[in-house]
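# What the coordinates show
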Amino acid sequence: MTIKKTIVFFLLATMQLFCHAQTITFSSLIKEMSDRSALARFPFPEYASLQASSYNRESTERGKPGWFADSDGTGYIRTEENNGKQEWVIMEHQGAGVITKMWAPYFYYGGLDDMEGPIVNIYLDGASTPVISENYFKLITGRGSVPPPFARVTARAGDCYLPIPYSKSCKITFNKKPFYNIINYRSYPAGTKVKTFTKQDLFSNYTLLDNAAALLGKTANTVSGAILNQKKVLGAGEEVTLKANSGGAINQLELWLDPEEIAANPDLLRSVVFTAEFDGKQTIWSPIGDFFGSANAINPFQTWTRSASSAGRMLCTWVMPFQKTAIIRVKNLSKKSLHINKLAIEVGKWKWDSRSMYFHAGWNGDEILKGSVFVDKNFIDIKGKGVVVGDALTVLNPDFGWWGEGDEKIYTDGEYEKGFPGRFGTGTEDYYGWAGGENPSKDDVFSHPFLANIVVGSATPRRRDVRGFNICTRIRSLDAIPFHTRLVFDMEASPGVDIRNPWDFLGYSTIVFWYGKAGATSNRGEADDAARKPIMTLKTIDSLSHQVKLSMHKE
């Protein structure tokens, strides 16, 4: 080995040891939570993103009886006695880790008339005294020890994103029989240094928490790099292109449309597509509407990474690094023209390293499924190494009944081959951070940094009507899901009991956002023909339903 190679080897080894010596703390996690650029690098120290939930334990293996069992609100690990009292264990982990998200409806077995709920106890590192012991509903809705926006109310539920790190172990219990609940957490490899959370961390880091809250609430990034923009009337078959040649990262993408033009021609949201090519490889292909939670119309909402306004402004703030070139295109696949009032990107500096990843978005077009046949609808199947950071689901519901009973099932690195996911949920609305208890209404629309219930029942202005488009999205930060070889994301297409007849149909389309190392691929790509088709409508589904009813009547 030459002297030069020896020096390089020594420097790399020293850097690796330095990185291993870094201690994960409450404050470092708060900084990471509000740093968009952190998502664009593969995690180090590495971790597995896992989930404990109250899913029905009759589900044991894909394809076996019980796989689509409902009643997902009663599962738990065991009961035990702690400090002379019976407790139900809902999550348990040996080793270093971090609780990254806690969810539950804020009602108990008695429904909306029973809102007291259990006391949650969080035991860290084998301690007999819990670091947190308080009413669970208050904790997750921001009325307990965790302040908003790190814990807040959604629709009949609460979501707590306050990171709770531990160095040796974690156990979470309830003092009453568990109801619907989901706990997301990280598991670090042996030897990872983690400083265990204490209540004092909340008080000593109040300035850091305030700063993070402000960053999570910001729609746009602070512009600091070169801005490229165009304005154009996009004729049929035409495209508008922005190209960056010097390496760096797109920190912000902005698209302005004419809201009146879109209102008159909503199909343009599907047939005009957004693509991105980084270093010669196309990683984004999506209709502009689906990318921005607006498959059916411009739907105002605001999350940490995407937003849309009634004025026609659509904004994406996921950081998109590249080594040499980035090409952003908006292509018109329709036979109509579209006014692009503004297409702009802000390109900032980025030091490409071995952990840097490319941003991807994979769209799966319209699919109409029978309510009487349960299936696992595939959102995406990724091969390679990367991290999933978000998704959105668009459902077209022609009925008054509840459409979202199905559980998410997310597999990583060999889990799919074994037949059981490391992340098994309790219901579609639960995955997106809110809850059932009653049919959704227009009151259930909300936007938070990591969650948005964008549209509820677009077909009518009536408050309690769920017919029409229903759109949800989830953004991941500390609960992002890394994978090394493969990730499969399925969601049960499982409507409520009122619409499980052979003539009941639901329409689905999805999009998944992820980062990947060079060479990572997925089963989602260009779909020009699907984008050119008119978006699914209630009339189409009603026609299918009518045909089924006629055929059954003839039989």
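Residues numbered from 1 in each chain as written. Predicted model: local features only at pLDDT ≥ 70, side-chain atom pairs only at ≥ 80, totals over all residues. Heavy atoms only, no water.

## A look at the overall build of the protein
On a plain count of helices and strands, the protein comes out with 12 helices and 34 strands. Against the globule reference of 24 Å for 555 residues, the protein gives a C-alpha radius of gyration of 24 Å, in line with a compact fold. Principal-axis analysis of the C-alpha atoms places the extent of the protein at approximately 75 × 65 × 45 Å. When the 555 residues of the protein are sorted by exposure, 57% land in the buried category. Pairs at least 24 residues apart make up 78% of the contacts formed inside the protein by residues separated by at least 6 positions. When the accessible area of the protein is evaluated, it comes to approximately 22200 Å², of which 54% is carbon and sulfur surface. (Helix = DSSP H or I, 4+ residues; strand = E, 2+ residues; numbered from the N terminus. Rg over C-alpha atoms; globule rule 2.2 N^0.38 Å. Buried < 20%, exposed > 50% of the residue type's maximum accessible area, 1.4 Å probe, protein only. Contact = heavy atoms within 4.5 Å. Areas by Shrake-Rupley, 256 points an atom, 1.4 Å probe, with all protein chains shown as cover.)

## Notes on the sheet that holds strand β10 (residues 169-174)
Strand pairing within a sheet occurs via backbone hydrogen bonds; the two strands may be parallel or antiparallel. Taken in spatial order, the 5 strands of this open sheet run β2-β3-β10-β5-β6, and their pairing is antiparallel. Looking at the sheet topology across the chains shown, the edges are occupied by β2 (78-82) and β6 (132-135). For this sheet, the mean inter-axis angle between neighbouring strands, taken without regard to orientation, is 30°. (Pairing = 2+ DSSP bridges. Axes fitted to C-alpha atoms, helices over the stretch in contact; angles between N-to-C directions.)

## Points about the side chain of Ser441
Mapped onto the elements of the fold, Ser441 is located in the loop between α10 (428-431) and β28 (446-447). When near neighbours in sequence (up to four residues on either side) are disregarded, Ser441 contacts Val456, Arg463 and Arg464.

## Here we look at the pattern of salt bridges
Per the counting criterion, the structure on display carries 30 salt bridges. We note a salt bridge from Glu61 to Lys64, for which the minimum N-O separation is 3.2 Å. The exposure class assigned to Glu61 is partly exposed, which follows from its relative accessible area of 33%. When its relative accessible area of 42% is taken as the criterion, Lys64 is described as partly exposed. A salt bridge links Lys336 to Asp267; the nearest nitrogen and oxygen atoms lie 3.4 Å apart. Taken as a pair, Lys336 in the loop between β21 (326-332) and β22 (338-348) and Asp267 in the loop between α6 (259-264) and α7 (268-271) lie far apart in primary sequence, 69 residues in all. Among the charged side chains, a salt-bridge network with shared partners connects Arg78, Glu80, Glu92 and Lys171. (Salt bridge = Lys/Arg side-chain N within 4 Å of Asp/Glu carboxyl O.)

## Thoughts on the nonpolar core
In this structure, Met102, Ile122, Tyr136, Phe291 and Phe359 are the most contacted members of the largest nonpolar core, which totals 141 residues. Excluding its chain neighbours within four sequence positions, the residues that come into contact with Ile122 are Ile99, Met102, Pro130, Val131, Ile132, Ile164, Cys170, Lys171 and Ile172. If you look at the next biggest cluster of nonpolar residues, it comprises 8 residues, including Ala295, Phe469, Ile535 and Val548. (Core = buried A, V, L, I, M, F, W, Y, C linked by side-chain atoms within 4.5 Å.)

## So, the pairing of strand β8 (residues 157-160)
Side chains Ala157 and Asp159 project from β8 onto one buried face, and the interleaved Gly158 and Cys160 project onto a second face that is buried too. Here strand β4 (residues 97-105) runs beside β8; their pairing, made up of 4 bridges, is antiparallel. Among the inter-strand pairings, Ala104 is bridged to a residue of β8, identified as Gly158. Sheet topology places strand β7 (residues 151-153) next to β8; 3 bridges connect them, and they run antiparallel.

## Quick notes on unusual backbone geometry
Across the junction of Phe44 and Pro45, the peptide omega takes the value 0°, indicating a cis bond. Tracing the sequence through the fold places Pro45 in the loop between α2 (26-33) and β1 (48-53). A cis amide bond links Pro148 with the next residue in sequence, Pro149, at an omega value of 5°. Topologically, Pro149 is positioned in the loop between α3 (136-140) and β7. Located in the positive-phi region is Asn83, a residue other than glycine, with phi close to 55°. The topology assignment puts Asn83 in the loop between β2 and β3 (85-94).

## A few points about the pairing of strand β16 (residues 281-287)
Taken across its 7 residues, β16 has 5 buried, putting it largely inside the fold. Sheet analysis places strand β15 (residues 272-278) next to β16, joined by 6 bridges and oriented antiparallel. Bridge pairing in β16 links Phe274 to Ser286. Hairpin connection from β15 to β16: 2 residues lie between these consecutive antiparallel strands, with Asp279 at a positive phi of about 50°.

## Some remarks on α2
Among the residues of α2, Phe26, Leu29, Ile30 and Met33 are the ones counted as buried. Take α2 and look down its axis: the buried residues cluster within an arc of 100°, on one side only. Each element contacted by the buried residues of α2 is listed here: β4, β9 (164-166), β11 (182-187), α4 (200-204) and α5 (206-216). (Arc of directions from axis to C-beta.)

## Brief notes about the sheet that holds strand β24 (residues 375-383)
Pairing is antiparallel in the open sheet, where 5 strands are placed in the order β27-β26-β32-β24-β34. The sheet is open, and its two borders are formed by β27 (423-424) and β34 (521-522), each paired with just one other strand. Sheet topology note: the β24/β34 ladder contains 2 bridges and is antiparallel. Paired with Lys383 across the two strands is Thr521, which belongs to β34.

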